[in-house]
Amino acid sequence: MYTPIEKGRLLRSTILAGLAVASLSGAPVFAQDAEQIPEQAEDDAEPETSDRIVVTGSRIRRDGFNSEIPLDVFTADDAALEGNVDIADFLQSATVAAGSAQVTSATSSQFVQNGGTGVETLSLRGLGANRTLVLLNGRRAGPAGVRGGVSAFDLNVIPLAAIERVEVLKDGASSIYGSDAVAGVVNIITRQEEGGTIDGFISVPGDGAAEQYRLSASYGWEFDRGGFRVTLDAFQQRELAQGDRDYFSCGEPYVFNNDGSRADLIDPRTGRYSCEDLYWGHVWVYDYAPFFGDGTTNLPLQRPRLIQYDYDGSLAANGLTPIGTSHANPFWFTAPTDDWFLVDPRVPEQRALVNYDHPFQDDSSMVPETERYTIFADGHFDVTDSIELYGEALLNRRETYVNSYRQYWIYMYNGEDLWGAYPDPFAAGWGGMNELSPTPITDHNDSSVSIDYQRFVAGLRGDTLFGLDTWSWDMAFQVSRSEGEYWDQRIYADAIYDQYYRSGSCVGTLTSIRGAPCIDVDWLDPELLRGNVPDDVAEYAFGEETGRTIYDQRSFEAVASGEVFDLPAGAVAMALGVHYREDEINDTPGELTLSGNVWNSSVAGITAGSDTTEAIFGELSVPLLADSRFADSLELTVSGRYTDVESYGSGETYKVGLNWAINDVVRLRATHGTSFRTPALFELYLSNQTGFLGQRTIDPCIDYAANLAANVISQRVADNCAADGLPDDMSGSGAAATIVTGGGFGVLEAETSEATNIGIVLTPQTINFRLSIDYYEIEVNDEVSRLGAPGIVGGCYNSEDFANEPLCDLFTRNSPTDPGPYLINTVRDSFINVNSQINRGVDINADYLHQFDFGDLSVNLSAAYQLEDKTDLLGGVVADFNGEGGDPKLVGDLSFTFVRNDWTAYWGMRYVGPTSNRESYGIAAQTYVGQPVNYKLWTETTIYHNVSLQRTFGDWSARVGVSNVFDEHPPSVTAISGEYNTVGRSAFYSQYDWFGRRFFANIVRTF
């Protein structure tokens, strides 16, 4: 609540905002379809007020084509021409987004990402979905998703059939729209026309699987005092499994000899390149024989020491010798039968025979099975001649299912009585002075989500205000609710941990957490190791759980806009508004997670929190010159916003710009503004979660002397490891590091940013051609982020100022006298404020229309060239991602559309520029199985071609086409380098097409 003094200050701020604010408009609306290229106007008279609309990026009503806002406009038909079945696919491939990695249903199924499995969000300029504001019909749309990281709008909730167009403002707009509008604004505008439509779509890849189906129906009524429209939509995406595409199914190392030939090993069992995806079915041996008896051993001194069962005789057939069932030295390792072999991944002849590629891998989801059902309705009613009541309702349900697999393991001593009280009584025949770790594989790792999303809007708007017909107003109340359930198959922690280093039977006892009857599991059973789990073991070790996430958002907004007074150059226009919003999240994980009974997975609590946002804003448009010697028009625009957030405090943002039409051909524009983003609810209140990572995954100081000699690490890293008092030959053996993540309530500060745009627009009058070139620069300070445990530890030891490096304070090590001396103990990877992120680049847009006697040709070009993409982490490490994997410097689209009578032909090309991680990899040695090789640490230019042909037959239209005409696959890269995200041998980023060539058909009936 405000005190009287605070209320007075708020009122004064409102008045001042109304006198000194507004937004910048920067460029002509650049549509992606030729129909929106305006012909030269014969009548330059000012349009009537009733013809004016509110364009994204401004609250002031103005003519849509003369608003001069830096905007891309996409229609639903633009998406259909390319064979896109939903708006997410289309927007994520637009040039303003394609230059950075996007969260898709595939990436959110492969990796843990905000919003949960199957979510599809949009990130402009590579700044993240949390910094891109999505509007639905000009009003902020509430987020959807599951788990504690819900914060961004999920594009799954609105079907393409309900959309008329999408306007993308490529400029920061926090002074107009508030928090999150840092990188830009996406305004999804729904269809309004009368009549009905039935729309059916099917897409079938040439290589099978991943079919897409959509059926929608829409009808709009208009009557004397109002109208109503309703859209029904059903969509299904069939699963694309990794085994459905050869470029995903096998994790080839993809390394080369100096002559360019492949250096990959050939698997003698298949005659093809060896697949190296995930070790499975091995008994890992920790050998202590060198420290006992005569100090000799029959196993390699280096790890890993993998013992593999010869299921099909291929190990013996290819010259390997069984590990043996007896040896003269009792401390040497023995197996119970001659079916067990040592396979050493450091030896080429053996590495090719290592169990690395299980059939479970081919069955795992690349693109998950998804079904969506949507009802969208909107209507309006004229209460009076000047006041209109309107409303919207959106109901959406999404179900996504993911098939997956995983390893699991246990630790035990062998069956020989060399350990005194410690031998495992169920490891008969396994002898020597050894510790064993059987590593079975299982496909009991599936997951699914089910999300119900609902959004309701009720509002009033009027064409006059206080009797002034040059003013209009709009006020609306909105509520949205995302209610999701996420189901996961789990391995019980107490089924595994209770049997660590067992020395007797557990029958008759209860597990430590569930209290379930314990059974003796034969962890060394070859069938269990290969994934054939007996029913009683599956019931004992495997379970499932369901978590629930609810996100509520309620908001009220009121805006009034109109003309204030006249200047010689025209009328001064103003907009004033208020905004109030409440957000609330409650994420309750399943009972196994809450109880800590999930093996080798994060342990999390309930994430719950709420926040309230209040804001006042204003906008002013001042025409400075018109029809003068120096300018056809010169307009100054300013905007400002005062925001007060309950969890943080208050802040102000502004924006100022000039729009200078020198003449009919040349227009210059420039803007500069600030943005202000308070941390999202999950960034504040995410419950502490505990996970684990292996020491070798995160610690660059392991064996740093040898790694320095091999050029695996830099001299700086080695020097910093030595300065930390760490031995240069430490092995990293022992327990995994504990990774603690959580929210930053009470610690995090709001992000601030500055954005500058400078552009030129050319519109020759002799031809239907337009060209815009815009330079942009966005700097986000105090950016809220998690760095990841490898980033924290690696950044510490790579720091030029190691003694004062803040990253080094975020993790701890064991002391020299602790068990596991020098091992990393805990890494605190919670949300923090990193220093800054800078993104600079150039946008180019061009439209051309030519009318021939035999038809009309339109050409559209859009390109984005990124100059810089740097993140400064706590004043220490500066990461430059520009031109690296997932962050190409240049992306673009070029399309040709030809219309003749009832025929429409389309040819589109989507360009993804090359990337290179060679500089990022540095001087580290490129080796494979101990031999020098060459890694492929770059991706080539990739161009996708889409064609379609449409014919209209009265009320019917039919379109057929081919997406990815030349069946371009994702670029192949060296997976073992760790420089690229990969699946199989393919770079795994949203810029690339994962389906291959596909054929589509679209039939529409209007009535």
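About the criteria used
Residues numbered from 1 in each chain as written. Predicted model: local features only at pLDDT ≥ 70, side-chain atom pairs only at ≥ 80, totals over all residues. Heavy atoms only, no water. Pairing = 2+ DSSP bridges. Helix = DSSP H or I, 4+ residues; strand = E, 2+ residues; numbered from the N terminus. Disulfide = S-S within 2.5 Å. Buried < 20%, exposed > 50% of the residue type's maximum accessible area, 1.4 Å probe, protein only. Salt bridge = Lys/Arg side-chain N within 4 Å of Asp/Glu carboxyl O. Arc of directions from axis to C-beta. Contact = heavy atoms within 4.5 Å. Phe/Tyr/Trp six-rings, centres within 6.5 Å; stacked < 30°, edge-to-face > 60°. Lys NZ or Arg CZ within 6 Å of the ring centre and 35° of its normal.

Before going further, it helps to examine the pairing of strand β34 (residues 666-677). Look at any regular strand and the pattern is simple: side chains alternate between the two faces of the sheet. Alignment of strand β33 (residues 649-661) against β34, held across seven bridges, turns out to be antiparallel. Across the sheet, the residue bridging to Asn659 is Arg669, located in β34. Here β33 folds back onto β34, and the loop between the two strands holds four residues. Sheet topology places β34 next to strand β37 (residues 751-762); 12 bridges connect them, and they run antiparallel. Across the sheet, the residue bridging to Gly673 is Ala755, located in β37.

To continue, consider the sheet that holds strand β16 (residues 282-287). Picture the strands of a sheet paired through backbone hydrogen bonds; they go either parallel or antiparallel. Strands sit in the order β18-β17-β16-β24-β23 across an open sheet of five strands; the sheet is antiparallel. One side of each edge strand has no neighbouring strand; the edge strands of this open sheet are β18 (340-343) and β23 (412-413). Pairing of β23 with strand β24 (residues 434-439) involves two bridges; the strand directions are antiparallel. Directly across from Met412, in β24, lies its bridge partner Leu436.

On to the state of the cysteines. The full count for this structure, using the stated rule, is four disulfides. Two residues share a disulfide in this structure: Cys250 and Cys275, whose sulfurs sit 1.9 Å from each other. Handedness here is read from the sign of the S-S torsion; for Cys250 and Cys275, about -110 degrees, the answer is left-handed. Of this pair, Cys250 sits in the loop between α7 (246-249) and β13 (255-256) while Cys275 is found in the loop between β15 (272-273) and β16, placing the two residues 25 residues apart along the sequence. Comparing Cys250 with Cys275 shows no difference in burial state: the two are buried. With its sulfur 2.0 Å from that of its partner, Cys796 forms a disulfide with Cys808. Negative torsions about the S-S bond denote left-handed disulfides, and the value of about 100 degrees found for Cys796 with Cys808 makes this one right-handed.

All right, on to unusual backbone geometry then. Positive phi, close to 55 degrees, is recorded for Asn137, a residue that is not glycine. By secondary structure assignment, the location of Asn137 is in the loop between β5 (132-136) and β6 (139-140). Since its relative accessible area comes to 17%, Asn137 is described here as buried.

This paragraph deals with the pattern of salt bridges. The final tally for this structure, using the stated rule, is 49 salt bridges. A salt bridge links Arg140 to Asp180; its shortest N-O distance comes to 3.0 Å. Here Asp180 lies in the loop between α6 (174-177) and β8 (184-190) and Arg140 lies in strand β6, a separation of 40 residues in the sequence. Through salt bridges with shared partners, a single network forms among Asp72, Arg125, Lys170 and Asp843.

All right, on to helix α18 (residues 715-723) then. When α18 is considered as a whole, its buried residues turn out to be Val717, Ala718, Asn720 and Cys721. Buried residues of α18, seen end-on, are gathered within an arc of 165 degrees and therefore sit on one face of the element. The inward-facing, buried residues of α18 abut α17 (704-709) and α19 (789-797). Phi turns positive one or two residues past the end of α18, at Gly725, with a value near 75 degrees.

Here we come to the sheet that holds strand β35 (residues 689-693). One open sheet holds the five strands; their spatial order is β30-β35-β36-β41-β40, and the pairing between them is mixed. The open sheet has two free edges, formed respectively by β30 (603-604) and β40 (811-813), since each of these has just one partner strand. Where β35 meets strand β36 (residues 737-741), five bridges bridge the pair, whose relative direction is antiparallel. Among the inter-strand pairings, Gln689 is bridged to a residue of β36, identified as Thr741.

This paragraph deals with the environment of Asp443. As for its position among the elements, Asp443 is in the loop between β25 (441-442) and β26 (447-462). On the basis of relative accessibility, which here comes to 41%, the residue Asp443 falls in the partly exposed class. In this structure the C-alpha to C-alpha distance between Asp443 and Arg406, which are 37 residues apart in sequence, comes to 6.5 Å. The contacts of Asp443, once residues within four sequence positions are left out, are Phe360, Ser404, Tyr405 and Gln489.

This part covers the packing of aromatic side chains. Under the definition given, this model contains 37 aromatic pairs. Taking the centre distance of 5.5 Å and the plane angle of 90 degrees together, the rings of Phe74 and Phe90 count as edge-to-face. Taken together, the residues Phe74 in strand β4 (residues 71-75) and Phe90 in helix α3 (residues 87-92) connect sequence positions 16 residues apart. Across the pair, Phe90 and Phe74 agree in class, each one buried. Seen from their ring centres, Phe682 and Phe831 are 5.3 Å apart, and the 80 degrees between their planes marks the pair as edge-to-face. In this pair, Phe682 is assigned in helix α15 (residues 681-685) and Phe831 in the loop between β41 (824-828) and β42 (832-833), connecting sequence segments 149 residues apart. Classification of Phe682 as buried rests on a relative accessible area of 1%. Exposure remark for Phe831: the relative accessible area of 9% places this residue in the buried category. The structure contains a cluster of three or more aromatic residues connected by ring pairs, namely Tyr286, Tyr411, Tyr413, Tyr422, Tyr497, Tyr500 and Tyr501. In this arrangement the basic side chain of Arg262 is found over the ring face of Tyr273, its NZ or CZ atom lying 4.0 Å from the centre.

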